[in-house]
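# Per-entry structural report
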Amino acid sequence: MKSWCALAFLCFAYFFHGALSCPPLCKCYHRRAEVVCNAVPMTEYPSEGLPKNTTILTIQFTNITSISELHLNATPRLRGLHLYSNHLQSLTPHLLRGVPLINTLDLTGNRLSDLPAGVFNPAPLKNLVLKNNRIEMAEAEWLPDNSSITWLDLSGNSLTKVPTALLQKLPHLETLDIANNRLEKFFADSLVPLTKLERLNLQNNKLETLDPSVLHSTRNLTYLFLSRNKLNKLPQNVFQELTQLRHLSLDDNQLSHIPAGLLEPLSSLDEEGLDLTNNPWHCDGKVEYLWRWLQKNKKKVFLPETITCSRPQPLAGRSVMSLTLSELNLWS
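Under an unreviewed UniProt entry, the name given to the protein is Leucine-rich alpha-2-glycoprotein-like, and the organism recorded is Notothenia coriiceps.

Here's what the structure looks like:
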């Protein structure tokens, strides 16, 4: 009996110590099972000393360069892993295999470029953030089929395209952020699998136009960001299915005209929900549709008075809304 009690005590002491241990230089909040290692001189992942019951781990502003499946095996109950602004250059295949409960992985601001196949497979991820890295090619092989991810952030990389095969694995996606990349084209069928998509951010890329059908399967879209591209024309029916859209940014592009009927489907726009500023509008007869729409929907437009003519020269700087029909006809 005494030996059994001694053994039980030793086991309790082992697990109790594991639960209350803490890596050097880090702060451990045992009641909420959270560990934070912030801006410390750390060059390796702190596997030793991490409480086994850790559910949230934040390591930020350190000199860690790599992380492996073996490292994460130290915290099998992990649900959120936040690795902001370290020096991470590599991840191993099946990185998350030992953390079957993880739902959030944030790798913002590292030096990742090439990621191995299966790196996020298997894992019940909901949120995957790869923002501000050095990724030039996004690969379908990163993810399992029918991924559970609802929020994917690839902004601030060097992507020139996003493979349709990758998006086909994301039927539950609600937010897709690909801002601040080098996208020149978005393939017509790219978004077909994303029927649950609500927010799409494509701002600050190099898009010159959109395929007429690229948004036709995203009927639940409520926020669409297209500012700071090189858009110079838009197909008449490109927004045809976006009856739930609340915000559309088209500012800082190269639009001189928009086709008649383009904005009619956007019946759900919020007040000031449409931004058309900083485009080189050509105020001839072809701008009449925009002129009439602005008169009727002024409250839905952000700073409508600052939507100004670039050409012809006599009208340069004039607000489109301030023009008269005779002025438009004069320059037809």
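### Some details on the packing of aromatic side chains
Under the definition given, this model contains 2 aromatic pairs. With centroids separated by 6.3 Å and ring planes inclined at 90°, the aromatic side chains of F120 and W142 adopt a geometry described as edge-to-face. Linking F120 in the loop between β7 (104–106) and β8 (127–129) with W142 in the loop between β8 and β9 (151–153), this pair joins segments that are 22 residues apart in sequence. Of the two residues, F120 and W142, neither departs from the other in class, the shared state being buried. Between Y223 and F225 the ring centres are 6.4 Å apart and the planes differ by 15°, which places this aromatic pair in the stacked class. On the basis of relative accessible area, F225 is assigned to the buried category, the value being 17%.

### Here's the deal with the nonpolar core
Note on soluble globular proteins: their nonpolar side chains tend to be buried together. Counting residues in hydrophobic clusters, the biggest one holds 94 residues, and the most contacted among them are F120 and F239. Contributing elements (two or more residues each) for this core: β2 (34–38), β3 (56–60), α3 (164–167) and α4 (288–296). Examining the composition of this core, we find that 5 residues originate from one element, α4, more than from any other. For this core, the two domains that each supply at least three residues are domain 1 (22–161 + 173–180) and domain 2 (183–331). Residues contacting F239, with those up to four places away along its chain left out, are L215, L224, L234, L248, L250, L262, P265 and L266.

### Quick look at the domain arrangement of the protein
Per the domain assignment, the segments making up the protein are domain 1 (22–161 + 173–180) and domain 2 (183–331). Once you take the C-alpha centre of each, domain 1 and domain 2 turn out to be 37 Å apart. When the two sides are added together, the surface that domain 1 and domain 2 hide from each other amounts to roughly 1100 Å², 55% of it contributed by carbon and sulfur. Sorting the residues of domain 1 by area buried against domain 2 places E174, L176 and I178 first, and these three jointly supply 42% of that buried surface. Linking domain 1 with domain 2 are 12 residue pairs in polar contact (both at pLDDT 80 or more). Residues that form the side of domain 1 that touches domain 2 fall into these classes: 5 nonpolar, 3 polar and 3 charged.

### Quick look at unusual backbone geometry
For the bond running from N121 to P122, omega is 0°, close enough to zero to count as cis. Note on placement: P122 falls in the loop between β7 and β8. Look at the link from R311 to P312: it is a cis peptide, with omega at -10°. Secondary-structure assignment places P312 in the loop between β16 (309–311) and α5 (325–330). Even without being a glycine, A39 presents a positive backbone phi close to 50°. Within the secondary structure, A39 sits in the loop between β2 and β3. The exposed category is assigned to A39, whose relative accessible area is 53%. In the Ramachandran plot, R228 falls in the positive-phi region, its phi being about 55° despite a non-glycine side chain. Summarising the element assignment, R228 is placed in the loop between β12 (223–225) and β13 (247–249). Overall, the relative accessible area of 38% leaves R228 in the partly exposed class.

### Concerning the sheet that holds strand β11 (residues 199–201)
One open sheet holds the 12 strands; their spatial order is β1-β2-β3-β5-β7-β8-β9-β10-β11-β12-β13-β14, and the pairing between them is mixed. Edge strands, defined here as strands with exactly one partner in the open sheet, are β1 (27–29) and β14 (274–275). Bridging between β8 and β9 involves 3 bridges; their strand directions are parallel. Each residue of the ladder has a partner; that of N127, found in β9, is W151.

### Comments concerning the side chain of T164
Tracing the chain through its elements places T164 in helix α3. Residue contacts for T164: discarding those within four places in its chain leaves F187, D189 and S190.

### As for the pairing of β2
Of all 5 residues making up β2, 4 are buried, and the element is well covered by its neighbours. Direction of pairing for β1 relative to β2: antiparallel, over a ladder of 3 bridges. Across the sheet, Y29 pairs through a bridge with E34, a residue of β2. Count of turn residues in the β1/β2 antiparallel hairpin: 4 residues, of which A33 carries a positive phi of about 55°. Bridge analysis of β2 against β3 gives 5 bridges, and the strand direction is parallel.

The rules behind these values
Residues numbered from 1 in each chain as written. Predicted model: local features only at pLDDT ≥ 70, side-chain atom pairs only at ≥ 80, totals over all residues. Heavy atoms only, no water. Phe/Tyr/Trp six-rings, centres within 6.5 Å; stacked < 30°, edge-to-face > 60°. Helix = DSSP H or I, 4+ residues; strand = E, 2+ residues; numbered from the N terminus. Buried < 20%, exposed > 50% of the residue type's maximum accessible area, 1.4 Å probe, protein only. Core = buried A, V, L, I, M, F, W, Y, C linked by side-chain atoms within 4.5 Å. Domains from an automatic or database assignment. Contact = heavy atoms within 4.5 Å. Buried area = accessible area lost by both parts, 1.4 Å probe. Polar contact = N/O pair within 3.5 Å; in protein donor to acceptor, adjacent residues only side chain to side chain. Nonpolar A, V, L, I, M, F, W, Y, C, P; charged D, E, K, R; others polar. Pairing = 2+ DSSP bridges.

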